[in-house]
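# Commentary on secondary and tertiary structure
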Amino acid sequence: MKNKKKTDVLSAQELYLKTHRRHHHSITCMRLILLLSFLTVWELCADFHIIDSFFFSSPSMVLSCFVSMLADHSLFLHIGVTLFETIISFLLVILIGILSATLLWCSKGLSEILEPYLVVLNSLPKSALAPLFIVWLGTGTDTIIVAGISVALFGCIISLYTGFQQVDSDKLKLIYTLGGTRKDAFCKVVFPNSIPIILSTMKVNIGLALVGVIIGEFLAARRGLGYLIIYGSQVFQLNLVITSIIILCIIAMGLYQLIQRTEHLYRKTR
């Protein structure tokens, strides 16, 4: 009887896993069909002059531009520069965000004082700060990294601080009842229980850091995908612009998937 029940459970589990895999495969297929349909319609509209390929380009022209940039090795340089600036900005945002949120959690008075300033700075359009960064830091990598940090930092601090405050109060009471300090409460309860929130915040901030870096490259770069977009629009090489935008989309998706995979691995170890 027990063996039969165990067999039924295993069969149900296998059926669930097969259904789950089939669902993911169907979603992937639908995504590919949607993408291919879009590219096909875009190419046909350009070929039959429904749209002007000079302004809207076409998949074949974008591919040709991509191949020519691969041939002269310029594409790797620009992608590498943008990736480097984005990753540095992202890591600094996470580091500064965690340290700042920890400081605010440790000092209630400080959090009450700084909260309205954080809200205002988070709401401020960061593109308005870019000219100031150029005046203060000049044109170069430092300015672009600071621009990337400015877009994501204040929202990161607010999100992490809110997450720290939402930790189960009963667990904190237990730590204090057993003679633990505020440091013990943070290290043993608050931070470990906030890791899912930190990972979720990272998924948002990687995109924001990329946005900030591109804003910086628009104004203060001679290399990078943002520079290619501005240069291409100035000389009416719209194939170059669209190719750079598509590469940016691929980079954003790849970075997001990397953090999402990290989040899945963390959940499996729980």
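Residues numbered from 1 in each chain as written. Predicted model: local features only at pLDDT ≥ 70, side-chain atom pairs only at ≥ 80, totals over all residues. Heavy atoms only, no water.

## Considering the nonpolar core
Counting 48 residues, the largest nonpolar core has Phe 90, Trp 105, Val 190, Met 202 and Leu 225 as its most contacted members. Taken together, the elements giving at least two residues each to this core come down to α3 (59–71), α4 (74–106), α7 (141–165), α8 (169–177), α9 (182–193), α10 (195–220), α11 (225–234) and α12 (238–269). If near-sequence neighbours (up to four positions away) are discounted, Trp 105 is found in contact with Tyr 161, Phe 164, Gln 165, Tyr 176, Arg 182, Ala 185, Phe 186 and Val 190. (Core = buried A, V, L, I, M, F, W, Y, C linked by side-chain atoms within 4.5 Å. Buried < 20%, exposed > 50% of the residue type's maximum accessible area, 1.4 Å probe, protein only. Helix = DSSP H or I, 4+ residues; strand = E, 2+ residues; numbered from the N terminus. Contact = heavy atoms within 4.5 Å.)

## Brief notes about the side chain of Ser 194
Checked against the element boundaries, Ser 194 lands in the loop between α9 and α10. Beyond its immediate stretch of four places on either side in the chain, Ser 194 contacts Gly 163, Phe 164 and Val 167.

## Overview of unusual backbone geometry
The phi angle at Ser 57 is positive, at roughly 60°, despite the residue not being glycine. Within the element layout of this structure, Ser 57 appears in the loop between α2 (53–56) and α3. A relative accessible area of 0% places Ser 57 in the buried class. Phi is positive for Phe 236, which is not a glycine, with a value near 60°. Position of Phe 236 among the secondary structure elements: in the loop between α11 and α12.

## Some thoughts on the pattern of salt bridges
The final tally for this structure, using the stated rule, is 3 salt bridges. Two residues, Lys 203 and Glu 263, come together in a salt bridge whose shortest N-O distance is 2.8 Å. Within this pair, whereas Lys 203 is found in helix α10, its partner Glu 263 is found in helix α12, the two being separated by 60 residues in sequence. As far as burial versus exposure is concerned, Lys 203 and Glu 263 are alike and both buried. Note that Arg 267 and Glu 263 form a salt bridge whose closest N and O atoms lie 3.4 Å from each other. Taken as a pair, Arg 267 and Glu 263 lie in helix α12 at a separation of 4 residues, close to a single helical turn. Its relative accessible area of 4% is what places Glu 263 among the buried residues. (Salt bridge = Lys/Arg side-chain N within 4 Å of Asp/Glu carboxyl O.)

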